[in-house]
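A closer look at the structure
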Amino acid sequence: MSLYEFLGTLETGFIFAIVALGAYLTFKILDFPDLTVEGSFPLGAAVCATLIVGFGVNPWLATLLAGGAGFAAGFVTAYLNVRFNILHILAGILVGIALYSLNLRIMTGPNKALLGVETVYSVFEGWGYPGYIVNPIFLGILVLVIKLLIDLLLATGLGISMRAAGANPAMAEANGVNVGNMKLFGVGLANFLTAVAGALFAQIFGAADAYMGIGVIIVGLASVIVGMSVLPSDTIVRATAACIIGAVLYRLAVAAALNADFIGLQASDVQMVTAVLVAVALIVQQSGLSFLKIFKRRSND
């Protein structure tokens with residue numbers, strides 16, 4: 001793997017680390033399996049691309065507005081579950097399907113090019129360094145800032161209420177926590193992050209596409225599972241760090257597998273590689289170990 005490929009993999013890994021942090025909020029904090037992300041990721045890309053190309057909106061503002069659209073999508077999913085008692089997984093599927101059609105409407109077609117327009121990465125073009133070096137640094141800093149904000153949020157009263165609502169809804173209700181409101185906010189926030197990731201992804205690759213959300217939920221979950229297998233997550237700070245580490249390791253593992261000529265894998269084998277990685281991580285988790293513990297055990301032998 002060349003330096004250019006390595007930095008490109010880091011770039012993608014940091015973007016999907018934002019998705020992983022969102023998945024952590026829904027799956028681990030709220031215990032709410034959310035499939036909306038398959039639609040909110042391309043929604044963020046579609047809204048951002050349309051605002052930049054069609055209306056000349058500042059890319060930073062367009063990215064935030066794209067996140068707002070993602071929040072609305074997650075809010076609808078949670079509302080279907082809270083208000084109408086629709087199973088969370090089914091609610092996510094329903095909203096995700098609706099978002100596919102909505103994304104086509106927003107872009108007036110299956111895709112929207114972002115070539116030759118200003119993006120959030122354009123500000124670094126005058127620094128004298130190539131984008132493949134500067135962009136991963138920017139995304140890495142952005143992911144760390146988002147991680148710290150999530151850590152701070154989950155340490156507040158609101159965050160503790162969210163954690164209580166996910167861990168024991170009945171007990172949380174008995175202590176005055178509105179579990180429904182926690183789901184509405186938490187799922188909305190997770191999809192806000194996912195939509196922002198979609199907007200950043202579209203801007204760095206030069207296009208938004210209605211099909212770019214396929215497999216995003218698997219990438220998010222794989223990142224969380226792999227990360228928590230590598231780094232034991234007994235605290236919120238360590239758990240969010242594990243999500244970021246997992247996203248980067250997942251992308252590096254996929255890139256390494258696809259670049260290993262002796263294995264004979266092709267780009268179409270990404271999903272198979274993902275399945276194997278997740279299966280291995282789950283097996284390790286079920287055994288009550290982590291990759292870090294295994295490494296320490298071997299080093300002591």
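Another aspect to go through is the overall build of the chain. For the chain, the helix and strand inventory stands at twelve helices and two strands. In sequence order, the secondary structure elements of the chain are arranged as α-α-α-α-β-α-α-α-α-β-α-α-α-α. For a compact globule of 301 residues, the expected C-alpha radius of gyration is about 19 Å, and the chain comes in at 19 Å, within 12% of that figure. Each of the three principal axes of the chain carries a C-alpha extent, and together these read 55 × 55 × 35 Å. The burial tally for the chain puts 50% of its 301 residues in the buried class.

Right, let's talk about the nonpolar core for a bit. Of all hydrophobic cores here, the largest spans 89 residues; its most connected members are Tyr 24, Leu 25, Phe 41, Tyr 121 and Leu 139. Beyond its immediate sequence surroundings of up to four residues, Phe 41 is in contact with Phe 16, Val 19, Thr 194, Ala 197, Gly 198, Phe 201, Met 212, Gly 213 and Val 216.

Structurally, Asp 151 can be placed in helix α5 (residues 131–155). In terms of polar contacts, Asp 151 uses its side chain to reach the side chain of Lys 147, at 2.6 Å. In this structure the side chain of Asp 151 is engaged in a polar contact, spanning 2.8 Å, whose partner is the side chain of Thr 240. Apart from residues no more than four positions distant in its own chain, Asp 151 is found in contact with Ile 236, Val 237 and Thr 240.

Following both chains from N to C, one finds helix α3 (residues 59–84) and helix α8 (residues 179–205) inclined at 145°, their axes separated by 6 Å at the closest point. Crossing hand, α3 versus α8: right-handed. In terms of residue class, the contact of α3 with α8 is built from 17 nonpolar, ten polar and one charged.

Let's shift gears to the packing of aromatic side chains. Under the criterion given, the structure shown has 13 aromatic pairs. Each ring, one from Tyr 100 and one from Tyr 211, has its centre 5.7 Å from the other, and the planes form 55°; the classification is tilted. Of this pair, Tyr 100 sits in helix α4 (residues 88–107) while Tyr 211 is found in the loop between β2 (207–209) and α9 (216–230), placing the two residues 111 residues apart along the sequence. Exposure remark for Tyr 100: the relative accessible area of 31% places this residue in the partly exposed category. Judged by its relative accessible area of 46%, Tyr 211 falls in the partly exposed class. Look at Tyr 121 and Phe 138: their rings are 5.9 Å apart centre to centre, the planes differ by 85°, and that puts the pair in the edge-to-face class. Residue Tyr 121 is found in the loop between β1 (111–113) and α5, and its partner Phe 138 is found in helix α5; the two are separated by 17 residues along the sequence. Taken individually, Tyr 121 and Phe 138 each receive the classification buried, so the pair is uniform in this respect.

Of the residues in the chain, 93% reach a pLDDT of 70 or more, and the chain-wide mean stands at 91. No element of the chain has a lower mean pLDDT than helix α12 (residues 291–300), which averages 54, and none a higher one than α3, which averages 98.

What follows covers a nonpolar patch on the surface. A surface patch of nonpolar side chains, about 790 Å² in accessible area, is lined by Tyr 4, Tyr 132, Ile 133, Ile 137, Ile 141, Val 145, Leu 149 and Leu 152. It is α5 that contributes the most residues to the nonpolar patch, seven residues altogether. For Ile 133, the position within the fold is in helix α5.

Oppositely charged side chains may form a pair once their charged atoms are brought near each other. Summed over the entire model, instances satisfying the criterion amount to two salt bridges. Between Lys 147 and Asp 151 there is a salt bridge, with its nearest N and O atoms 2.6 Å apart. Of this pair, Lys 147 and Asp 151 both sit in helix α5, four residues apart, roughly one helical turn. Salt-bridge contacts for Arg 238 lead to Asp 234; the nearest nitrogen and oxygen are separated by 3.0 Å.

What you tend to see is this: most non-glycine residues have negative phi, and most peptide bonds are trans. Positive phi, close to 55°, is recorded for Asp 31, a residue that is not glycine. Along the chain, the position of Asp 31 falls in the loop between α1 (3–29) and α2 (37–55).

When you line up the elements, Thr 63 lands in helix α3. The residues contacting Thr 63, other than those within four sequence positions of it, are Cys 48, Val 120, Val 196, Ala 199, Leu 200 and Gln 203.

What counts as what
Residues numbered from 1 in each chain as written. Predicted model: local features only at pLDDT ≥ 70, side-chain atom pairs only at ≥ 80, totals over all residues. Heavy atoms only, no water. Helix = DSSP H or I, 4+ residues; strand = E, 2+ residues; numbered from the N terminus. Rg over C-alpha atoms; globule rule 2.2 N^0.38 Å. Buried < 20%, exposed > 50% of the residue type's maximum accessible area, 1.4 Å probe, protein only. Core = buried A, V, L, I, M, F, W, Y, C linked by side-chain atoms within 4.5 Å. Contact = heavy atoms within 4.5 Å. Polar contact = N/O pair within 3.5 Å; in protein donor to acceptor, adjacent residues only side chain to side chain. Axes fitted to C-alpha atoms, helices over the stretch in contact; angles between N-to-C directions. Left-handed = near helix turned anticlockwise from the far one by under 90°. Nonpolar A, V, L, I, M, F, W, Y, C, P; charged D, E, K, R; others polar. Phe/Tyr/Trp six-rings, centres within 6.5 Å; stacked < 30°, edge-to-face > 60°. pLDDT = per-residue confidence, 0-100. Patch = residues over 30% accessible without salt bridge, like charges linked within 9 Å, V, L, I, M, F, W, Y side chains within 5 Å. Areas by Shrake-Rupley, 256 points an atom, 1.4 Å probe, with all protein chains shown as cover. Salt bridge = Lys/Arg side-chain N within 4 Å of Asp/Glu carboxyl O.

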